[in-house]
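Close look at the chain arrangement
Read off the chains here:
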Amino acid sequence: MRLRLLSLLLIPCCLLTACGAPAEAETGPKQYQATFLDVFDTVTTVMGYAESQEAFAETAETAHDLLLEYHQLYDIYNDYEGIRNLKTVNDQAGIAPVTVDERIMDLLLLCRDLYEASGGKVNAAMGSVLQLWHEAREASVNDPAHAYLPEEDAIQAALEHISFDSVVLDEEASTVYLADPGQSLDVGAVAKGYAAGAVAAALPAAMVLSLGGNVCVTGAKPDGSPWVIGVQDPDGGDTDYVQRLDITSGAVVTSGDYQRYYTVDGVAYHHIIDPDTGAPARRYRSVTVLCADSGLADALSTAAFTMDEESGRALLEMYDAEALWVYGDGSVTWTEGCVAYFHS
């Protein structure tokens with residue numbers, strides 16, 4: 001293993017969410033975990049069963065290397081030798097189409113479909129607005145005494161350049177062109193989930209891949225029991241949950257206001273921006289979505305976070321997805337299908 005894989009250890013009875021589990025048998029596959037920090041700017045964990053530490057290490061390394069490829073392709077801040085990524089596309093806005101990897105094209109086609117289905121609430125073309133908030137958050141975290149908000153005039157100007165209709169996708173030529181020179185792409189609402197789902201599909205059965213708030217499960221444990229995934233209490237610690245879910249396959253993705261945020265004059269400003277206002281959405285503390293497809297779950301959780309619950313439920317129904325909403329007062333609501341996953 002290379003040093004970027006920060007930890008690899010045998011954990012006899014610890015789940016991804018630190019919930020309890022029966023002790024493992026003395027023979028047969030054992031449970032292992034690996035963690036690394038160098039993809040998608042978040043903590044990534046691979047957990048699962050293998051006959052040996054060496055076998056698991058090989059699987060974890062494969063997962064890491066695949067995620068790193070996606071990270072570089074979807075990066076909007078950095079260039080990489082020999083790679084045409086989303087930064088390349090943004091740099092060519094209003095200038096020329098860019099030939100891209102099929103993994104970029106496939107992601108953007110999904111983004112286009114979701115843009116239409118969500119009424120613009122999933123919008124990978126709002127990079128001009130998100131960049132303003134990103135710069136303010138980074139500067140304010142580094143210098144809290146001078147924390148600031150983006151200028152409202154700048155936000156309103158940026159909102160003039162967020163129509164996905166200006167994103168020209170030529171599938172046959174595999175090119176992307178931003179017709180609006182003031183536009184830029186930011187796939188943060190979809191990319192982690194999409195990448196996690198693609199990588200999870202390449203993993204063996206009985207594995208869990210957690211990429212930040214995006215969790216993919218490739219099958220039940222060897223004894224047939226589910227993995228228990230915790231929906232974090234926004235006001236609690238890392239092991240405080242508003243609900244625990246029994247999951248044997250598919251994805252669980254949470255969008256929330258309690259991890260990536262900064263404070264100005266005592267008010268917290270998180271990273272989930274409503275495309276209609278150009279400001280952080282304020283309806284919920286978190287929205288957790290369950291469905292078979294991880295990229296879809298990621299996008300739907302972001303969309304539902306910015307929509308009223310009735311509209312969110314209608315969108316989720318279109319994609320056969322379930323969701324759980326945590327409100328600011330601590331109350332929790334959920335779709336009827338969630339009940340089947342509740343851990344007893």
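Residues numbered from 1 in each chain as written. Predicted model: local features only at pLDDT ≥ 70, side-chain atom pairs only at ≥ 80, totals over all residues. Heavy atoms only, no water.

What to know about the sheet that holds strand β5 (residues 167-170)
The sheet built from three strands is open, its strands ordered β4-β6-β5 with antiparallel pairing. Every interior strand has two partners, whereas the edge strands, β4 (98-99) and β5, have only one. The sheet contact formed by β4 and strand β6 (residues 175-178) spans two bridges and is antiparallel. Of the residues in β6, the one forming a bridge with Val98 is Val176. Across the face of the sheet, helix α3 (residues 102-117) comes into contact with β5 and β6 while running at roughly 125° to β5. (Pairing = 2+ DSSP bridges. Helix = DSSP H or I, 4+ residues; strand = E, 2+ residues; numbered from the N terminus. Contact = heavy atoms within 4.5 Å. Axes fitted to C-alpha atoms, helices over the stretch in contact; angles between N-to-C directions.)

As for the pairing of strand β13 (residues 267-270)
Side chains on a regular strand alternate between the two faces of the sheet. As judged from the four bridges shared by strand β12 (residues 261-264) and β13, these two strands associate in the antiparallel manner. The residue of β13 that forms the bridge with Thr263 is Ala268. Where β12 folds back on β13, the antiparallel hairpin that results is connected by two residues, among which Asp265 adopts a positive phi of roughly 50°.

A word on unusual backbone geometry
In this structure, Phe40 takes a positive phi of about 55° despite not being glycine. Of note, Phe40 is situated in the loop between β2 (30-39) and β3 (42-50). By relative accessible area, which is 13% here, Phe40 ends up buried. Despite not being glycine, Asp265 shows a phi value in the positive range, around 50°. Following the sequence through the fold, Asp265 ends up in the loop between β12 and β13. Asp265 sits in the exposed class, given a relative accessible area of 78%. (Buried < 20%, exposed > 50% of the residue type's maximum accessible area, 1.4 Å probe, protein only.)

Details of the nonpolar core
Judged by nonpolar contacts, the single largest core of 72 residues is most densely connected at Tyr74, Val176, Leu185 and Val187. Sort the elements by how many residues they give to this core and α3 lands first, with nine residues. Sequence-distant contacts of Tyr74, defined by excluding residues within four places in its chain, comprise Phe40, Leu86, Arg103, Ile104, Leu107, Val187, Ala191 and Tyr194. Grouped together as the second largest cluster of nonpolar side chains are 16 residues, Val208, Ile229, Leu245 and Val326 included. (Core = buried A, V, L, I, M, F, W, Y, C linked by side-chain atoms within 4.5 Å.)

Re the confidence of the model for the protein chain
With 92% of its residues at a pLDDT of 70 or more, the protein chain has an overall mean of 91. In the predicted structure, residues 1-24 sits below a pLDDT of 50 and forms 70 contacts with residues beyond four places in sequence or in another chain. (pLDDT = per-residue confidence, 0-100.)

Brief notes about the pattern of salt bridges
Applying the stated criterion across every chain yields a total of nine salt bridges. Between Asp101 and Arg103 there is a salt bridge; the shortest N-O distance is 3.0 Å. Note on Asp101: relative accessible area 25%, which makes it partly exposed. Residue Arg103 is classed as partly exposed on the basis of its relative accessible area, which comes to 23%. Arg285 is the partner of Asp235 in a salt bridge, and the nearest nitrogen-oxygen pair spans 2.9 Å. Here Arg285 lies in strand β16 (residues 284-291) and Asp235 lies in the loop between β9 (227-232) and β10 (241-247), a separation of 50 residues in the sequence. (Salt bridge = Lys/Arg side-chain N within 4 Å of Asp/Glu carboxyl O.)

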